[in-house]
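Residues per chain are reported as follows:
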Amino acid sequence: MTMGTSRKRQTSSSSSSSDSADSRQKTDKSPPPRRGRNDHHNTSNHSNTSRQSFNTSYNNLNNSSHNSNNRSQHNKSMSTPSKYVGGDRAGLEPYLMERKRRKEERDEEKDNRVKEEKRIQDKKERDRKMKPDKNEEKKDLLEPNYEKSGKLTEDRNTYKGIVIKYAEPAEARIPKTKWRLYPFKGEETLPTMYIHRNSGYLIGRERKVVDIPADHPSCSSQHAVIQFRLVDHIRSDGSQTKKVKPYVMDLESTNGSFLNNVKIEPRRYYELKERDIIKFGFSTREYVLLHERSEGVMDAES
């Protein structure tokens with residue numbers, strides 16, 4: 001009975017062990033579980049994230065390498081060339097000469113700029129000094145000096161170191177008729193000018209040499225001249241004689257001279273007649289030519 005019982009137990013244990021082995025074999029051969037949609041989506045997201053992270057790291061690496069190259073090139077350009085480094089004075093000489101040349105160019109440019117600024121400042125100063133006074137026109141003319149000065153008859157045609165632009169002709173004469181100029185500024189009458197004492201009268205702004213000052217800014221330093229000349233004259237009966245007559249000439253002034261409101265040509269004599277009106281430049285002064293026998297004129301000269 002004991003022997004039979006032990007056999008049964010062995011048989012049952014072997015069968016149970018074989019069953020467990022079969023079950024393990026079935027378990028190992030079972031197919032893997034199926035993945036759902038969410039599992040596939042998560043896997044794709046994970047791969048995309050990994051790829052983006054890789055691209056970012058690669059770009060950062062390229063940028064850092066590029067910046068490093070730029071810095072090295074900048075430092076190389078700002079520093080002394082490598083072929084001049086090492087104490088070779090002969091190789092360094094061209095580099096030093098180039099630096100010296102550039103410094104000289106900068107210094108020269110700076111000097112030119114300073115000179116140009118000084119020139120502009122000097123020009124402004126000259127313009128300021130030459131700017132006419134607005135009240136200049138309101139001042140009356142100084143009393144002219146009608147004594148013989150000989151300014152128009154200088155042998156060398158200079159006076160007080162100033163070259164005279166005009167020389168009297170051979171036919172210049174002092175008139176016997178007492179000619180005079182009556183200056184008017186608008187309705188204002190200015191002092192009478194007696195012009196019969198000399199053979200010629202220089203008119204302009206340069207008071208050192210002129211006989212009749214014209215201070216208006218538009219008048220030239222030697223603007224015009226009134227000249228008395230001995231010329232041929234035909235009497236009323238047809239006979240011919242000589243007579244001293246007044247003439248006016250513009251001395252190539254900037255703004256010209258006007259006879260009866262008509263601009264005259266420069267360097268040409270124009271005969272003046274009684275009651276003619278003369279103007280110089282853009283001045284508002286008008287000079288009326290009369291003499292002691294003119295109608296309505298009183299000879300007040302002593």
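On a predicted model such as this, the values are computed, not experimentally measured, just so you know.

Conventions used here
- Residues numbered from 1 in each chain as written.
- Predicted model: local features only at pLDDT ≥ 70, side-chain atom pairs only at ≥ 80, totals over all residues.
- Heavy atoms only, no water.
- Helix = DSSP H or I, 4+ residues; strand = E, 2+ residues; numbered from the N terminus.
- Buried < 20%, exposed > 50% of the residue type's maximum accessible area, 1.4 Å probe, protein only.
- Lys, Arg positive; Asp, Glu negative; His and termini not counted.
- Salt bridge = Lys/Arg side-chain N within 4 Å of Asp/Glu carboxyl O.
- Polar contact = N/O pair within 3.5 Å; in protein donor to acceptor, adjacent residues only side chain to side chain.
- Pairing = 2+ DSSP bridges.
- Core = buried A, V, L, I, M, F, W, Y, C linked by side-chain atoms within 4.5 Å.
- Contact = heavy atoms within 4.5 Å.
- Phe/Tyr/Trp six-rings, centres within 6.5 Å; stacked < 30°, edge-to-face > 60°.

Student: So, the side chain of E168: which residues are in play, and what are the values?
Tutor: Following the sequence through the fold, E168 ends up in the loop between β2 (162-163) and β3 (179-185). Salt bridges are absent for the buried E168, whose nearest opposite-charge side chain, R173, sits at 9.0 Å. Polar side-chain contacts of E168 include one of 3.4 Å to the backbone nitrogen of G200. For E168, the side chain forms a polar contact with the side chain of Q227, separated by 3.2 Å.

Student: Summarise the pairing of strand β8 (residues 224-234); cite the residues concerned and give the values.
Tutor: Strand direction decides the pairing type here: strand β6 (residues 200-204) and β8, joined by four bridges, are antiparallel. What sits directly across from L202, in β8, is V225. Summarising the sheet, β8 and strand β9 (residues 240-250) pair through eleven bridges and their orientation is antiparallel. Looking across to β9, one finds that L230 is bridged to V244. Taking the residues between adjacent antiparallel strands as the criterion, β8 and β9 are bridged by five residues, where G238 takes a positive phi near 95°.

Student: Which residues make up unusual backbone geometry, and what values go with them?
Tutor: Positive phi outside glycine occurs at N260, with the angle close to 55°. Relative to the helices and strands, N260 resides in the loop between β10 (257-259) and β11 (262-263). The exposure class of N260 is partly exposed, given its relative accessible area of 38%. Of note in the backbone geometry, R267 takes a positive phi value of approximately 55° without being a glycine.

Student: Before we move on, can you summarise the nonpolar core with the specific residues and values?
Tutor: Counting 22 residues, the largest nonpolar core has L181, I195, I212, L272, I278 and F280 as its most contacted members. It is β8 that provides the largest number of residues to this core, a total of three residues. Setting aside residues up to four positions removed in sequence, I195 forms contacts with W179, R180, L181, Y201, I212, F228 and L289. Counting nine residues, the second largest nonpolar core, distinct from the first, contains Y166, L202, M249 and L251.

Student: Give a description of the packing of aromatic side chains that names residues and reports values.
Tutor: Summed over all chains, the structure comprises two aromatic pairs. Geometrically, the ring pair formed by Y247 and Y269 is edge-to-face, given 6.0 Å between the ring centres and 75° between the ring planes. On the criterion of sequence distance, the pair formed by Y247 in strand β9 and Y269 in the loop between β11 and β12 (270-271) is long-range, its members being 22 residues apart. Their ring planes at 55° and their centres at 5.6 Å tell us that F280 and Y287 sit as a pair that is tilted. With relative accessibility at 4%, the residue F280 sits in the buried group.

Student: Kindly report on the environment of V210, identifying the contributing residues and their values.
Tutor: The residue V210 is located in the loop between β6 and β7 (212-213) in this model. Separated by 14 residues in the primary sequence, V210 and A224 place their C-alpha atoms 9.7 Å from one another.

Student: Any chance you could break down the pattern of salt bridges for me, citing the residues and the numbers?
Tutor: For the structure on display, the rule yields twelve salt bridges. A salt bridge links E265 to R268; the shortest N-O distance between them is 3.7 Å. Residue classification places E265 among the partly exposed positions, given a relative accessible area of 45%. In this structure, R293 and E292 form a salt bridge, with 3.1 Å as the shortest nitrogen-oxygen distance.

Student: Can you break down the sheet that holds β12 residue by residue, with the values?
Tutor: Spatial strand order, β7-β6-β8-β9-β12: five strands in an open sheet with mixed pairing. If you trace the sheet from one side to the other, it starts and ends with β7 and β12, each paired once. Judged from the two bridges that link them, β6 and β7 form a sheet pairing that is parallel. Note that in β7 the partner of I203 across the bridge is I212.

Student: Just give me the short version of the side chain of S220, but keep the residues and values in it.
Tutor: Counting through the fold element by element, S220 comes out in the loop between β7 and β8. Reaching out from S220, the side chain makes a polar contact with the backbone nitrogen of T254 at a distance of 3.1 Å. Discounting residues that sit within four places of it in the chain, S220 has contacts with G204, R205, S253 and T254.

Student: Pulling in residues and values, what's your account of the pairing of β3?
Tutor: Successive residues of a regular strand alternate their side chains across the two faces of the sheet. In terms of burial, β3 is largely enclosed, as six of its seven residues are buried. Sheet analysis places β3 next to strand β14 (residues 285-291), joined by seven bridges and oriented antiparallel. Each residue of the ladder has a partner; that of P183, found in β14, is Y287. Alignment of β3 against strand β4 (residues 188-189), held across two bridges, turns out to be antiparallel. Pairing of K185 across the sheet is with E188, part of β4. Taking the residues that link successive antiparallel strands as the turn, the β3-β4 hairpin has two residues, and the phi of G186 there is positive, at about 65°.

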